[in-house]
Amino acid sequence: EEEGGGWRARSVWRRALLQWQRSANQGSVDARVKVGDYHFYGWGTPVDMEAAATHYRLAVETQKSAQAMWNLGYMHEHGLGLPEDLHLAKRYYDMALETSADAYVPSLLSLVYLGLVYAWRTVAARGLSGALGLIHAAWVDEFFALNADGSIGPPSSDSHVPAPGRADGGGTW
């Protein structure tokens, strides 16, 4: 019996894909993600990134699958079957992070890596001084923002301006 690419192994992969497709058609979100994986990796079928993305999107739209969200983020990050788009990749990673506690570590690591890629591309495109200028400008704008009471900088703890997200004014900066 051959391992890996033998005719028996290929036959098993095709039959398994058929069963996963049947389960996915009956509404199983895990099966829908698995069918996407089969198309992504070419198990029992030729590699088809567009079909994989379609199955992942269905899993996201129908049952909010964090795994499918992460997979779509990865595909956008690397331009696999979907347009390369770091902003959409971040959005999918953020959604996966918010959807499931099980997705916390992989999504957080992906977001850190994505941030490093974005920083590297910014430095490569603008040079180090241009990239640092962007960071400095954002920090200066935030620090020296005009507050509701007319003061400059972050509101003091005795300020009557509510903390972000708190309509009652509670919380600290």
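Each residue is numbered by its place in its chain's sequence as written, counting from 1. Since the coordinates come from a predicted model, pLDDT governs what is reported: local features require at least 70, and pairs of side-chain atoms require 80 or more to be given and counted, while whole-chain, interface and lining totals use all residues. As a rule here, side-chain values come from all non-hydrogen atoms in the structure, and water together with hydrogens is ignored.

**Description of the nonpolar core**
Here is step 1 of the chain: By nonpolar core is meant a set of buried Ala, Val, Leu, Ile, Met, Phe, Trp, Tyr and Cys residues that side-chain atoms within 4.5 Å join together. The classification of residues rests on relative accessible area computed with a 1.4 Å probe and restricted to protein chains. Under 20% of the type maximum is buried, over 50% is exposed, and intermediate values are partly exposed. One finds Phe40, Tyr56, Ala68, Leu72 and Met75 to be the most contacted residues of the largest nonpolar core, which totals 18 residues.
Here is step 2 of the chain: Runs of H or I in DSSP of at least four residues are treated as helices and runs of E of at least two as strands, each being numbered from the N terminus. For this core, the secondary-structure elements that each account for two or more residues are helix H2 (29-41), helix H3 (49-63), helix H4 (66-78) and helix H5 (86-99).
Here is step 3 of the chain: Examining the composition of this core, we find that six residues originate from one element, H3, more than from any other.
Here is step 4 of the chain: What Met75 contacts, discounting residues up to four positions off in sequence, is Phe40, Met49, Ala52, Ala53, Tyr56, Leu80 and Leu82.
Here is step 5 of the chain: Residues Ala89, Tyr93, Leu114 and Val117 belong to the second largest nonpolar core, which totals six residues. The contact criterion used throughout is that any non-hydrogen atoms of two residues lie within 4.5 Å.

**Brief notes about unusual backbone geometry**
Here is step 1 of the chain: For Lys64, which is not a glycine, the phi torsion comes out positive at approximately 50°.
Here is step 2 of the chain: Secondary-structure assignment places Lys64 in the loop between H3 and H4.

**As for the packing of aromatic side chains**
Here is step 1 of the chain: Stacked, tilted and edge-to-face are the three classes assigned to paired rings of Phe, Tyr and Trp, where Trp is represented by its six-membered ring and a pair needs centres within 6.5 Å; plane angles under 30 degrees give stacked, over 60 edge-to-face, the rest tilted. By the definition in use, this model includes seven aromatic pairs.
Here is step 2 of the chain: Both rings, one in Trp13 and one in Tyr38, keep their centres 5.6 Å apart while their planes meet at 70°; by these two values the pair is edge-to-face. Taken as a pair, Trp13 in helix H1 (residues 7-25) and Tyr38 in helix H2 lie far apart in primary sequence, 25 residues in all.
Here is step 3 of the chain: Of the residues examined, Tyr38 reaches a relative accessible area of 5% and is grouped as buried.
Here is step 4 of the chain: Summarising the aromatic geometry, the rings of Tyr38 and Trp43 are spaced 5.3 Å apart at their centres and angled 90° between planes, so their arrangement reads as edge-to-face.
Here is step 5 of the chain: Given a relative accessible area of 28%, Trp43 falls into the partly exposed group.

In short, shape yes, function no, at least from these values alone.
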